[in-house]
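Letter by letter, the chains look like this.
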Amino acid sequence: MNAKTILLLLSIMVQTHLSFSQITSVNLSGNLLDGESKVALPFVNVILKNVDDSSFVAGTISNELGHFTLEKIQPSTYLLQINPMGYTPISKEIFVGNSTDALNLGVFELSEAMQNIGGVTITAKKEEIYSKMDKKSYTVDDNISQSGGSVLQAMENLPGVTIQNGKVQLRGSDKLIVLIDGKQSALTGFGSQSGLDNIPASSIERIEIINNPSSKFDANGNAGIINIILKKEKKEGFNGKIGIAGGLGALWVKRENLPDVHDQYQFTPKVNPSISLNYRKNKVNAFLQLDNLYTETLNKNDFINRVYDDGTVINQQTVRNRNTNFLTSKLGLDWFISDNDQFTISGMYGSETIIDNGDQSFFNGQSAERIRTWDFLEDEVKTTVVGNMTYQHKFKQVGRLMNVGLNYTFHREDERYFFTNTIPNYVGEESFKLLSDEHVGDFTLDYIHPLKTGKIETGVKFRRRVIPTNMEFFPSSNSPLDTNAGGVATYGEIIPAIYGAYSFDRKKWEGEVGMRVEYVNLRYEVDPNHNTYTSDGYDYFQPFPNVRLGYKINENNKLVAFYNRRVDRPNEVDIRIFPKYDDAEIIKVGNPSLGPQFTNLIELSLKNSFKKGYLYCSAYSRFGDNTITRISTTVDSTNLIYAIFQNAGKSNVTGLEAIFSQDVSSFLSYNLGVNVYFNQIDAFTVQNLYPVEHTFTAEKQTTYSGSVKLNTKFKFKHGLNAQLTAIYLAPDVIPQGRIEQRFTLNIGLEKSIQKGKGSVFFNASDLLNTMIIQQTINGNNFSYTSSNYYETQVIRIGYSYKF
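Residues numbered from 1 in each chain as written. Predicted model: local features only at pLDDT ≥ 70, side-chain atom pairs only at ≥ 80, totals over all residues. Heavy atoms only, no water.

## Thoughts on the overall build of the chain
Piece 1. Along the chain, the regular secondary structure elements total 3 helices and 46 strands.
Piece 2. At 29 Å, the chain has a C-alpha radius of gyration in line with the 28 Å of a compact globule built from 803 residues.
Piece 3. Taken along its principal axes, the extent of the C-alpha atoms in the chain is 110 × 60 × 50 Å.
Piece 4. Within the span of the chain, comprising 803 residues, buried residues form 55% of the whole.
Piece 5. Accessible surface, the chain as shown: approximately 33100 Å² in total, 56% of it carbon and sulfur.
Piece 6. When the 79 basic and 84 acidic side-chain charges of the chain are each reduced to a single mean position, those positions are 8 Å apart. (Helix = DSSP H or I, 4+ residues; strand = E, 2+ residues; numbered from the N terminus. Rg over C-alpha atoms; globule rule 2.2 N^0.38 Å. Buried < 20%, exposed > 50% of the residue type's maximum accessible area, 1.4 Å probe, protein only. Areas by Shrake-Rupley, 256 points an atom, 1.4 Å probe, with all protein chains shown as cover. Lys, Arg positive; Asp, Glu negative; His and termini not counted. Charge placed at Lys NZ, Arg CZ, Asp CG, Glu CD.)

## What to know about a nonpolar patch on the surface
Piece 1. On the surface, a nonpolar cluster with roughly 920 Å² of combined accessible area is contributed by Val-284, Leu-333, Trp-335, Ile-337, Ile-345, Met-389, Leu-406, Phe-443, Leu-445, Val-460, Phe-462 and Ile-498.
Piece 2. Of all the secondary structure elements, the ones that give two or more residues to the nonpolar patch are β19 (313-336), β23 (426-451) and β24 (454-474). (Patch = residues over 30% accessible without salt bridge, like charges linked within 9 Å, V, L, I, M, F, W, Y side chains within 5 Å. Salt bridge = Lys/Arg side-chain N within 4 Å of Asp/Glu carboxyl O.)

## Thoughts on the environment of Ile-772
Piece 1. With respect to the helices and strands, the residue Ile-772 is situated in the loop between β43 (758-765) and β44 (773-778).
Piece 2. For the pair Ile-772 and Phe-287, spaced 485 residues apart in sequence, the C-alpha to C-alpha distance is 41 Å.

## Digging into the sheet that holds strand β8 (residues 102-110)
Piece 1. With mixed pairing, 3 strands are arranged side by side in an open sheet as β5-β2-β8. Looking at which strands have only one partner, the edges of the open sheet turn out to be β5 (67-73) and β8. In this sheet, adjacent strand axes meet at a mean angle of 20° when their direction is disregarded.
Piece 2. In terms of strand pairing, strand β2 (residues 26-34) meets β8 through 7 bridges, oriented parallel. Directly across from Leu-28, in β8, lies its bridge partner Leu-103. (Pairing = 2+ DSSP bridges. Axes fitted to C-alpha atoms, helices over the stretch in contact; angles between N-to-C directions.)

## Focus: the side chain of Gln-317
Piece 1. The residue Gln-317 is located in strand β19 in this model.
Piece 2. A distance of 2.8 Å separates the side chain of Gln-317 from the backbone nitrogen of Leu-258, its partner in a polar contact. (Polar contact = N/O pair within 3.5 Å; in protein donor to acceptor, adjacent residues only side chain to side chain.)

## Digging into empty space enclosed by the protein
Piece 1. There is about 120 Å³ of room inside the second largest cavity.
Piece 2. The wall of the second largest cavity is formed by 15 residues, among which Thr-162, Gln-169, Tyr-677, Gly-706 and Leu-729 lie closest to the centre.
Piece 3. Among the secondary structure elements, those contributing two or more residues to the lining of the second largest cavity are β10 (161-164), β35 (668-681) and β38 (701-715).
Piece 4. Ranked by residues supplied to the lining of the second largest cavity, first place goes to β38 with 3 residues.
Piece 5. Grouping the amino acids of the lining of the second largest cavity by side-chain chemistry returns 3 nonpolar, 9 polar and 3 charged. (1 Å grid on protein atoms, 1.4 Å probe; cavity = no way out; pocket = protein on both sides within 12 Å on 5 of 7 lines; lining within 4 Å. Points joined across faces, edges and corners; volume = space filled by probe spheres on them. Nonpolar A, V, L, I, M, F, W, Y, C, P; charged D, E, K, R; others polar.)

## A short note on the layout of surface pockets
Piece 1. Estimates place the volume of the second largest pocket at around 640 Å³.
Piece 2. In terms of lining residues, the second largest pocket is bounded by 39 residues, among which Asp-141, Lys-241, Glu-750, Ser-759 and Ser-800 are the most central.
Piece 3. Those elements that place two or more of their residues in the lining of the second largest pocket are β16 (237-249), β17 (268-281), β18 (284-308), β38, β42 (742-753), β43 and β46 (794-802).
Piece 4. In terms of residue count, β16 provides more of the lining of the second largest pocket than any other element does, 5 residues in total.
Piece 5. Partitioned by chemical class, the residues of the lining of the second largest pocket number 10 nonpolar, 18 polar and 11 charged.

## Description of the pairing of β46
Piece 1. One ladder, built from 9 bridges, connects β16 with β46; its direction is antiparallel. By the bridge assignment, Lys-241 is partnered in β46 with Lys-802.
Piece 2. Here β43 pairs with β46 via 8 bridges, running antiparallel. Along β46, the bridge assignment pairs Ser-765 with Val-794.

## Let's talk about the sheet that holds strand β29 (residues 586-589)
Piece 1. A sheet is described by the order of its strands in space; here 3 strands give the open sequence β29-β33-β32, paired in mixed fashion. The open sheet is flanked by β29 and β32 (628-633), the only strands paired with a single partner. Direction aside, neighbouring strands of the sheet carry axes that sit 30° apart on average.
Piece 2. In the sheet, β32 pairs with strand β33 (residues 641-647) via 6 bridges, with the strands oriented antiparallel. Bridging from a neighbouring strand, Ile-628 pairs with Asn-647 of β33.

## Looking at unusual backbone geometry
Backbone phi values are negative for most residues with the exception of glycine, while trans is the configuration of most peptide bonds.
Piece 1. The peptide bond linking Tyr-690 to Pro-691 adopts the cis configuration, its omega dihedral lying at -5°.
Piece 2. Considering the arrangement of structural elements, one finds Pro-691 in the loop between β36 (684-688) and β37 (694-698).
Piece 3. Located in the positive-phi region is Asn-639, a residue other than glycine, with phi close to 65°.
Piece 4. Within the secondary structure, Asn-639 sits in the loop between β32 and β33.

## Thoughts on the packing of aromatic side chains
For any pair of aromatic rings, the description rests on two quantities: the centre-to-centre distance and the angle between the ring planes.
Piece 1. For the coordinates displayed, the defined rule picks out 28 aromatic pairs.
Piece 2. The rings of Trp-374, Tyr-417, Phe-419, Phe-432, Phe-473 and Tyr-581 are connected pair by pair, giving a single aromatic cluster.
Piece 3. The side chain of Arg-171 reaches across the aromatic face of Tyr-620, ending 4.5 Å from its centre. (Phe/Tyr/Trp six-rings, centres within 6.5 Å; stacked < 30°, edge-to-face > 60°. Lys NZ or Arg CZ within 6 Å of the ring centre and 35° of its normal.)

## Section: the pattern of salt bridges
Piece 1. Across all of its chains, the model carries 33 salt bridges by this definition.
Piece 2. As a salt-bridge pair, Arg-548 and Glu-512 come within 3.5 Å of each other at their nearest N and O atoms. Residue Arg-548 is located in strand β27 (residues 536-554), and its partner Glu-512 is located in strand β26 (residues 509-526); the two are separated by 36 residues in the primary sequence. Glu-512 shares its class with Arg-548; the two are buried.
Piece 3. If you follow the salt bridges from partner to partner, you end up with Asp-505, Glu-510, Glu-512, Arg-548, Lys-552 and Lys-558 in one network.

## Comments concerning the side chain of Lys-270
Piece 1. With respect to the element layout, Lys-270 can be found in strand β17.
Piece 2. A distance of 3.1 Å separates polar atoms of two side chains, one belonging to Lys-270 and the other to Thr-268.
Piece 3. A distance of 2.5 Å separates the side chain of Lys-270 from the side chain of Glu-791, its partner in a polar contact.
Piece 4. If we ignore the near neighbours within four places in the chain, the residues touching Lys-270 are Ala-245, Gly-246, Gly-247, Leu-248, Gly-249, Tyr-294, Thr-295, Glu-296, Thr-297, Glu-791 and Val-794. (Contact = heavy atoms within 4.5 Å.)

## What to know about the environment of Thr-599
Piece 1. With respect to the helices and strands, Thr-599 occurs in strand β30 (residues 597-610).
Piece 2. Spatially, the C-alpha atom of Thr-599 lies 36 Å from that of Leu-724, the residues being 125 residues apart in sequence.

## A word on the confidence of the model for the chain
Piece 1. On average, residues of the chain score 88 in pLDDT, and 94% of them are at 70 or above.
Piece 2. Counting interchain partners and residues more than four positions distant, the pLDDT-below-50 stretch residues 114-130 has 42 contacts. (pLDDT = per-residue confidence, 0-100.)

## Things to note about the environment of Gln-774
Piece 1. Its location among the elements puts Gln-774 in strand β44.
Piece 2. In sequence terms Gln-774 and Arg-742 are 32 residues apart; their C-alpha atoms lie 8.6 Å from each other.
Piece 3. Each residue touching Gln-774, except ones within four places of it in the same chain, is listed here: Arg-738, Ile-739, Glu-740, Ser-786, Ser-787 and Tyr-789.

Here it is in structure tokens:
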């Protein structure tokens, strides 16, 4: 599809509602004292008035300690009036911002009345509600064109997000942290993202994207944080939601197989039943959520052409047909001990079963002669158990909070691979087994203290993480497996951290200054019989500051500057010493000497709000040192390629992001997101140890890249809604190579029925079946091109009912 066709499609389409995360109501508090005796003044009237017409907004009386609270006040400028009998009334203009959900107005000392003074009314123009622009929030149910799919598929439509090789990228980087309800989980990976393609979107309430996290969050993830908020009802009594969705994928063949290659999956079924229940009465709220996602998928259909400097040419095709069943369940209880104390206990269980079957076929340059066939069957079971306890105490001063949390995660990977290796005059049966048990314990303590025009936050966190892993090989008599690279290894990590942050919000200025200090001690114990690697690790004690400063130009325009320092710690799979044979001749291996990558980010953002929409623009620069990436090399005459994680030196990304959103009419709204950036990976030299010690040098790589997403939403009569999403991803550099442009088109329809309690939907992902991943890699004495025609086209139908 040429550029003109893409631009034409983009120009005739138009969204999904994006809302910047913002605080829409604030609780105000203060204390009243006698100015002379300093004794608390109880039962005094406190009134908040509208500045335009002096109309009543809210009112209360102080308690026996002289403390008063005004709840759920919208950000604006107000007139606060305090009218005690026998004292001089106070009339004060106050500004309520949106950077915190609680403001402490301080102590009001009242003097005895000497004469009658009438109330004073001060008027001012009411301000628009502003966001901090550090976070964006998306409601999954509004994403009609990806309903019934996975979380990964739902994210594909979001502005500023791209999906590449099964991973989420923010502004060109996949180094991000994925949270579930604000906490890291083995379901989505500690230190790296995983499992997003198997978590049902039906279980998700909304997705938050945090490009500039505050010091409260872990410093890991240079691109930011994605926070997945699970559904949880809060209504009184018994209520819930049930749903069922089904679909078919791989409706037609993108590219025919090479001769005698394993059949590709076609017309692959998808089924997703879900139920969420909630019961709330008096001081107890109980909740249960169950989701099961079964899919059959053409997970990989990769055509690779390898060319070596000696003239050797190898063509190969990998067909991986995958059956997956992913069950997730969450059960919990909220106990409202008192008005000021709440205790929550919850548990989550996830079970993922993956069966891969297919083959890799290798041919000579003309694809006329078969060199080798690598038939495979993978049987993998992943089990996750999460337990969480939290306690919250609200002090008498509104907005003053203390939260204490304990979290434990257990995650098991039980993988079994079976291969049949067929070469001329030989057939060998090979297999290996990997067992990994991950144990993670987290303790957190957070404290919030409201101020007159802001708040102070502080807290501590402690993490202990241990992952023992065992790899066993079962080779044939003439096996190509490196059986001496197996054995046992143990990953151990300790991270204590402390943070503090001060934020303020005034009429024209708002901001936040924070600092997180982390100590990390990582040790990776390697089997002493391993043929290449020995035990290794690292430790550091580092500060991670963050700064946010916003200026409110006027009611409709706001400018915000950010600075953030982040780190990317290697995950256990990045340093895992065992070779992975899911590709027989491009073999992935970890590196226990891998170190952390540190990144500095600066950003300047502007938001212009108008009557029926907004324009958001951001200029950003991200500078990385000790960049983590895979390096592909060959070392001998076997033509095997080894892809090994390394620290490749410096890199940087500088770009512009813009989002334009408008409600054209009650019928049509649209959202256009554009991200353009300059990507640079500096020249580097690395020393690989596996399978034998060798050196690789790469020249500097640069390119301009970006993405365009156009979302439109149509609201018809009688509860019928439609959505169209067009996505274009420009070519980009990757370590040692380049990835080519991609384009996809998604559509969706949704109809409200049963008096708004029920809904039905139909959607289609990659309607035109155009999404193909094409990459080029240049090694020390080879190059290869890869074209992956994996399954992207899926149609779905579904039904849900709320009660």
